[in-house]
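# Per-entry structural report
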Amino acid sequence: MSTTTVETPAAQAPEATPRRRTRRRGERGPLATVASHALLTVASLIALFPVAWLFFLSLGPDKDDYLHPGQIWHKMTFDNYAFVLQHTDFFDWLKSSLIITLGTTAIGVILAATSGYAVSRMCFPGYRKFMWVLLVTQMFPVAVLIVPMYQILSDLGLIDTYIGLILVYCTTVVPYSAWLLKGYFDTIPFEIDEAGRVDGLTPFGTFVRLILPLARPGLAVAAFYNFLTAFGEVAFASTFMLSSDKYTFAVGLQSFISEHDAQRNLMAATAVLVAIPVSAFFYLVQKNLVTGLTAGGTKG
Amino acid sequence: MTVAIDRATGERRGDRAPRPGLGRRLKQSYHKHWYAYAMIAPVAIVLGALVVYPLVYGFYLTLTDANSLNTARTIGVNHIDATYQFVGLDNYKDILFGETAYDRFWSHFLWTIAWTVLCVGLHYTLGLGLALLLNQKFRGRTFYRMILVLPWAVPTFVTVFGWRFMLADGGAINAALDWLGLPTPAWLEDTFWQRFAAIMVNTWCGVPFMMLSLLGGLQAIDTSLYEAAEMDGATAWQRFRYVTLPGLRSVSSTVVLLGVIWTFNQFAIIFLLFGKTAPDAQILVTWAYFLGFGQQPRDFAQSAAYGILLLAILIVFTSFYRRWLNRNDQQLAI
């Protein structure tokens, strides 16, 4: 702090030197401030525009209005929203999206917590290999797994069922959340486990009664990650879900274009309806999400 | 008693006295660690059933000529048995060196490499620039940050449709370009502009993650380092080059690796932006999906072979990346 605060001479002889205040650390000239504000404003506009535009288009009543956006000003209406809510499969999609994402979140967190704890606390032979396997599974391209998964699921009769898709999503979210939770469990002191053991708890009791309550913030981050991943997934959902009342939103939205190839106004309205709650949810957790993501990655 | 926590006592696996026989060791290991194995069993079973087995099965498929016409299937009440045959490495040979291999594989391969390099490069530089701007002290930076993460907050499948409206013929972007008197490319039809558009959209979607991660990294750098550098008369550029960049190294190496893996496997953006209309703008992942599910008859064997090739490329890349980091005295989490 004290490095460049040399204000005293200027203050003592104000009339001799034309007030030249030396800048403090972290302070910039007015030009630099203006420049950073300008850059950030431009970037914000770019970030905002596509979403705002989608919202704007969703207000136009006609399916070709996106070609003449100027006309929307004169006939703005929420008719599209009313139509989507009343006459499309919106609520079916909502139901299946919720079942699948919440199912993935719950199962994924439970599986990830047990394995994360095992990896964090117990030096069992092969735990390094296990961590490595968890990391490599994140690298798998959709294309490797999707064909054989399709075959296996159809052999098991799980194509076009919620549980099938939930299991598939678990394979993509569990490795990462286990990794993340391992990092979190590592921050909880080992003495707590020992104390629990001394007081006669079984290993499982220690985990459930002592560690899980302490790890609540970490569990929350893992749950959010699972939720957002499962909600936004496209490839598996569009391949494994066949009947239109079981579509998730990611698949349902596409059906506006591929079937009728026209109802862009309805599609925009649906997109906005989907985006609002999810983005609100995201904003609630984004800070934790980033720390969780990078901490899990760097600490190991 | 089974003491599972041995990290707390500092005991290592190597510390043990003379190794007993294999049978006893297995028994001991079981006694000591049964609990750990019980806890990872659910994950191991799920991953084994839905990742390892499909992987093995997928690899087997690549050695056959399976497609949707000759695999086992049930139509109504009739069950038709599988009739596909084992063809050895023919699929790989065909993909890599076959007659039209350039059009089918190598052009997509080159485009995928270009796509990954350009996208990750843009993500990183733009993310770093914005993170540096946001790391200054001024009013309203929380506000800017909230707006700038918007592309990450809204699900990809929603934003891509927004872009599709904007890029369409006569959509917002072309209208604006026209108004400025600039040429209006056919974003969704011409191959070059399709690729351009795909990179643009992916950059838009991917910058927020980099920005927030790097911002976290910037805030973790000790400010006394900057003070010391300033005392020594370092210019702004020198402070950036010799304090900021080294300070960001561990975050950078992780996010760049994650970025490469994610971008390489980025399915949603290209799939949703173009659907089946743009064969030349497909990266390997979407192209493999197209072969397996987007055409009739569905070519399962070739699709799986592309998948295995993709995985091989990623694994080779990751191990080189790791070695390169280790040579520079950096440890990656893996």
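Predicted model, so just to flag it, every value in this text is computed and none were measured. (Residues numbered from 1 in each chain as written. Chains lettered and ligands numbered in written order. Predicted model: local features only at pLDDT ≥ 70, side-chain atom pairs only at ≥ 80, totals over all residues.)

This part covers the overall build of chain B. Assigned secondary structure in chain B consists of 14 helices and 2 strands. By residue count, 38% of the 334 residues in chain B fall in the buried class. A separation threshold of at least 6 residues defines the contact pool for chain B, and within that pool the share at least 24 residues apart is 66%. (Helix = DSSP H or I, 4+ residues; strand = E, 2+ residues; numbered from the N terminus. Buried ≥ 20, exposed ≤ 12 C-beta atoms within 10 Å, placed from the backbone. Contact = placed C-beta atoms within 7 Å.)

Time to look at the overall build of chain A. Of regular secondary structure, chain A possesses 14 helices and 0 strands. In sequence order, chain A lays out its α and β elements as α-α-α-α-α-α-α-α-α-α-α-α-α-α. Considering chain A as a whole, with its 300 residues, one finds that 45% of them fall into the buried category. Taking contacts inside chain A between residues at least 6 apart in sequence as the whole, the part at least 24 apart equals 73%.

Moving on, we come to unusual backbone geometry. Its identity is not glycine, yet Asp160 of chain A carries a phi of approximately 65 degrees, on the positive side. In this structure, Asp160 of chain A sits in the loop between helix H7 (142–155) and helix H8 (162–186).

Further remarks concern the interface of chain B and chain A. Contacts between chain B and chain A engage 84 residues on the former and 81 residues on the latter. Ranked by the residues each element gives to the side of chain B that touches chain A, the list is headed by helix H1 (residues 22–62) of chain B, at 18 residues. Of the residues assigned to the side of chain B that touches chain A, the class counts are 60 nonpolar, 18 polar and 6 charged. (Nonpolar A, V, L, I, M, F, W, Y, C, P; charged D, E, K, R; others polar.)

Attention now moves to helix H13 (residues 284–294) of chain B. Here H13 of chain B lies mainly inside the structure; 10 of its 11 residues are buried. Among all positions in H13 of chain B, only Leu284, Val285, Thr286, Trp287, Ala288, Tyr289, Phe290, Leu291, Gly292 and Phe293 of chain B are buried.

Okay, the UniProt feature "transmembrane region" (unreviewed entry) in chain A next. Here the UniProt-annotated "transmembrane region" (unreviewed entry) positions come out as residues 29–56, 98–118, 130–150, 162–181, 219–242 and 262–285 of chain A. Along residues 98–118 of chain A, the helical share is 100% and the strand share 0%, with 30 Å between the first and last C-alpha atoms. (UniProt positions renumbered as here; feature names shortened; annotations may be inferred.)

Next up on the list: the confidence of the model for chain A. All names here are of chain A. Looking at chain A as a whole, the pLDDT averages 77, with 81% of positions reaching at least 70. The least confident element of chain A, judged by mean pLDDT, is helix H1 (residues 8–12) at 42; the most confident is helix H5 (residues 90–121) at 88. Segment residues 1–17 is flagged for pLDDT under 50; beyond a separation of four residues in sequence, or across chains, it makes 16 contacts in the model. Predicted confidence is poor over residues 296–300, with pLDDT under 50, and the contacts of this stretch with residues over four places away or in other chains come to 13 contacts. (pLDDT = per-residue confidence, 0-100.)

What follows deals with the domain arrangement of chain A. Residue and element names in this part refer to chain A. Split by domain assignment, chain A resolves into domain 1 (26–82) and domain 2 (88–299). Listed as interface residues are 12 residues of domain 1 and, on the opposing side, 10 residues of domain 2. Broken down by secondary-structure element, the contributors of at least two residues to the side of domain 1 that touches domain 2 are helix H2 (30–57) and helix H4 (79–87). At 3 residues, H2 tops the list of elements feeding residues into the side of domain 1 that touches domain 2. Within the side of domain 1 that touches domain 2, the residues separate by chemical class into 6 nonpolar, 3 polar and 3 charged. (Domains from an automatic or database assignment.)

This part covers the environment of Ala237 of chain A. All names here are of chain A. Checked against the element boundaries, Ala237 lands in helix H12 (residues 235–240). We classify Ala237 as buried; it has 26 C-beta atoms within 10 Å. Here the alpha-carbon distance between Ala237 and Val221, two residues 16 residues apart in the chain, equals 24 Å. Ignoring any residue separated from it by four or fewer positions in sequence, one finds Ala237 in contact with Leu165, Thr248, Ala250 and Val251.

This paragraph deals with the UniProt feature "transmembrane region" (unreviewed entry) in chain B. All names here are of chain B. Cross-referencing UniProt, the feature "transmembrane region" (unreviewed entry) maps to residues 34–60, 109–134, 146–166, 192–215, 255–274 and 300–321 in the present numbering. Taken as a whole, residues 146–166 contains 86% helix and 0% strand, while its terminal C-alpha atoms sit 23 Å from one another. Helix makes up 100% of residues 300–321 and strand 0%, and the two end C-alpha atoms of the span are 31 Å apart.

The next subject is the environment of Gln71 of chain A. Assignment of secondary structure puts Gln71 of chain A in helix H3 (residues 69–72). On a C-alpha basis, the gap between Gln71 of chain A and Gly196 of chain A in space is 69 Å, while along the polypeptide they are 125 residues apart.

If you look at the biggest cluster of nonpolar residues, it comprises 167 residues, and the most contacted ones within it are Ala271 of chain A together with Leu273 of chain B. In this structure Ala271 of chain A touches Leu54 and Leu253 of chain A together with Val158 and Phe161 of chain B, once residues within four positions along its chain are discounted. (Core = buried A, V, L, I, M, F, W, Y, C linked by C-beta atoms within 7 Å.)

Okay, helix H11 (residues 249–264) of chain B next. Helical geometry: 3.6 residues make up each α-helical turn, so side chains three or four residues apart lie on a common side. Taking 1.5 Å of rise per residue, 16 residues should cover 22 Å, and H11 of chain B covers 22 Å from first to last C-alpha, within 8% of that figure. Looking at H11 of chain B, one finds that the buried residues are Ser250, Val251, Ser252, Ser253, Thr254, Val255, Leu257, Gly259, Ile261, Thr263 and Phe264 of chain B. (Expected span 1.5 Å × (residues − 1).)

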